[in-house]
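For reference, the chains in residue letters:
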Amino acid sequence: MPVSTPYTRFQKTLEEVMQKLKLTPKERAFFAKPQNTYKTEIHIKRDSGKEQAFQAFRIQFNNARGPFKGGIRYHPEANEEEVKALAALMSIKTAVVNIPFGGGKGGVQCNPKELSRKELEAVSRAYVRAMIRHIGADIDCPAPDVNTNPAIMAWMRDEFEKQTHTYSPAMITGKPLSYGGSLGRDTATARGAFFILQEMMDREARDPEELKVAIQGFGNAGATMAHFLHNAGYTVVAVSDSQGGVYSPEGVDPVRIEKYKHKTGQVAGEYCKGSVCDIKRMKLDGVRHVTNEQLLELPCDILIPAALDNVITAKNARKIRAKYILEIANGPTSPEADTILEKKGVKIVPDVLANAGGVTVSYFEWVQGRSGELWTAERVDNELRRIMLDAYKSVQREAHRGNMTYRQAAFAVGIRRMVDAMHARGWL
Ligand code: GLU
């Protein structure tokens, strides 16, 4: 069997959909590889005085529809294959929500949890210096991704403006509100996913009060989603972070969990210190400690993977009990799992649709940066809802018409829009 990498997993759906759309060899060629791949080593001085090098990537997949757009992740396992797949997914994603961007992604192979604030700043500034000729508001506009945040975006913008002697608020998105950010960007990914879920449940006449949700990942998107769902009457039965999580059939309280995560650094921190948990207290409160793998197989109606990729695979797909999967993480489901889940009748809202709220509000931030306008929170929320629901409708229509899964339909919508732009530009 060929090795499975994030990129081969992306290509599997791509190939199925290109066949369905009957793309010509010339059109296909544009999806075979990224337009540009930049990789280099960046060097920083550690607090100890020692110099350290890190691998850094920026991969620009396609810019037929506008400047390359996509986050930068800091992760010990960030590598070219992964960043390439994520850049490709971004190209489809921006096309699915029909915003005027292409797709790109960046990464630094480092463990941010082992870096001090000063070292993190040094890495972020070094990254911008290394990529300076390839980024900018009209060229390629980065943003946060796994383990990167508004503070990092601010250092990056500052470094870019210093190096280029310009005022460039639109060169990067996901910035802090105090330095060119947009209202609603921090909650955008979860907000967008929430709008789609609500619409879907409405259409299927499902009442939130009777729906149980398990969420893997308690970072920005996962934690915000837990709050939205809890406040809308859903029962959040389980949440987890990289160290595991908690499960209660009666529901857990996201506010309380957030508090303990803040205090102890882990979701299960109210009951556990590292891997040692106070079983007696857990029993008393009716909660159980679960690993990340166990969380995916819990009895629930809606499963939300909101952490890393490739967590739902051929190994565990048969054991998944949810009827709906909302992919807030990028690439959480392997193609083999997709097939198994489809046969079981599980409905999957794919990443390129479910988590597109983040890049959509990034677009609003970019527009504000270029025009000098400041949008109200209400305007951001209304526009986001409109764009997400339009995208959802397009995907649904396509799925119905072409007898496709939602993932295939989302790819079809995105690929068609990209091909149309390439034709319009005379590339084909
Ligand atoms: N990293 C996010 C994503 O995967 C946001 C990208 C952006 O805002 O450009 O969609």
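Residues numbered from 1 in each chain as written. Predicted model: local features only at pLDDT ≥ 70, side-chain atom pairs only at ≥ 80, totals over all residues. Heavy atoms only, no water.

S.K.: Looking at this model, I keep getting lost on the side chain of glutamate 27. Mind explaining?
M.R.: Relative to the helices and strands, glutamate 27 resides in helix α2 (residues 25-32). Arginine 28 is the oppositely charged side chain nearest to the buried, salt-bridge-free glutamate 27, at an N-O distance of 7.6 Å. Here the side chain of glutamate 27 touches histidine 423 through a polar contact of 2.8 Å, side chain to side chain. In this structure, glutamate 27 is in contact with Val419, His423 and Leu428, ignoring residues within four places of it in sequence. (Helix = DSSP H or I, 4+ residues; strand = E, 2+ residues; numbered from the N terminus. Buried < 20%, exposed > 50% of the residue type's maximum accessible area, 1.4 Å probe, protein only. Lys, Arg positive; Asp, Glu negative; His and termini not counted. Salt bridge = Lys/Arg side-chain N within 4 Å of Asp/Glu carboxyl O. Polar contact = N/O pair within 3.5 Å; in protein donor to acceptor, adjacent residues only side chain to side chain. Contact = heavy atoms within 4.5 Å.)

S.K.: Sorry if this is basic, but what is going on with the state of the cysteines here?
M.R.: Formally, a disulfide is one covalent bond, and it connects the sulfur atom of one cysteine to the sulfur atom of another. According to the stated counting rule, one finds one disulfide in the structure shown. Here cysteine 272 engages in a disulfide with cysteine 277; their sulfurs sit 2.1 Å apart. Handedness of the cysteine 272-cysteine 277 disulfide follows from its S-S torsion of about 100°: it is right-handed. Each member of the pair, cysteine 272 as well as cysteine 277, is classed as buried. (Disulfide = S-S within 2.5 Å.)

S.K.: Is there a simple way to think about helix α3 (residues 80-96) in this case?
M.R.: Given 3.6 residues per helical turn, the α-helix brings residues three or four places apart onto the same face. With 17 residues, α3 extends 24 Å from end C-alpha to end C-alpha; this agrees with the ideal 24 Å at 1.5 Å per step. In terms of burial, α3 is a largely internal element, 15 of the 17 residues being buried. A distance of 3.0 Å separates the backbone nitrogen of glutamate 81 from a side-chain oxygen at the start of α3, and that oxygen is part of asparagine 79. Remark: asparagine 98 follows α3 within two positions and exhibits a positive phi of approximately 60°. (Expected span 1.5 Å × (residues − 1).)

S.K.: Help me out: how do you make sense of the nonpolar core in this one?
M.R.: Nonpolar side chains in soluble globular proteins tend to end up buried together. The biggest cluster of nonpolar side chains holds 95 residues, and the ones touching the most others in it are Met225, Leu229, Ile304 and Ile415. Not counting residues within four places of it along the chain, the set of residues in contact with methionine 225 comprises Ala190, Ala193, Phe194, Leu197, Ile215, Ile304, Leu326 and Ile328. Among the nonpolar cores identified, the runner-up in size contains 23 residues, and Ile42, Ile72, Tyr127 and Phe160 belong to it. (Core = buried A, V, L, I, M, F, W, Y, C linked by side-chain atoms within 4.5 Å.)

S.K.: What should I look at first to understand the site of the ligand in this one?
M.R.: In the vicinity of the ligand lie 14 residues, with Lys69, Lys93, Pro144, Asp145 and Ser362 positioned nearest. Within the side chain of lysine 69, an N or O atom sits 2.8 Å from an oxygen atom of the ligand. Lysine 93 is positioned such that a nitrogen or oxygen atom in its side chain is 2.7 Å from an oxygen atom of the ligand. If the ligand stood free it would expose 300 Å²; the protein chains cover 95% of that surface. Those elements that provide at least two residues to the shell around the ligand are β3 (68-75), α3, β5 (140-144) and α13 (357-371). Residue composition of the shell around the ligand, grouped by class: four nonpolar, five polar and five charged. (Near = heavy atom within 4 Å. Areas by Shrake-Rupley, 256 points an atom, 1.4 Å probe, with all protein chains shown as cover. Nonpolar A, V, L, I, M, F, W, Y, C, P; charged D, E, K, R; others polar.)

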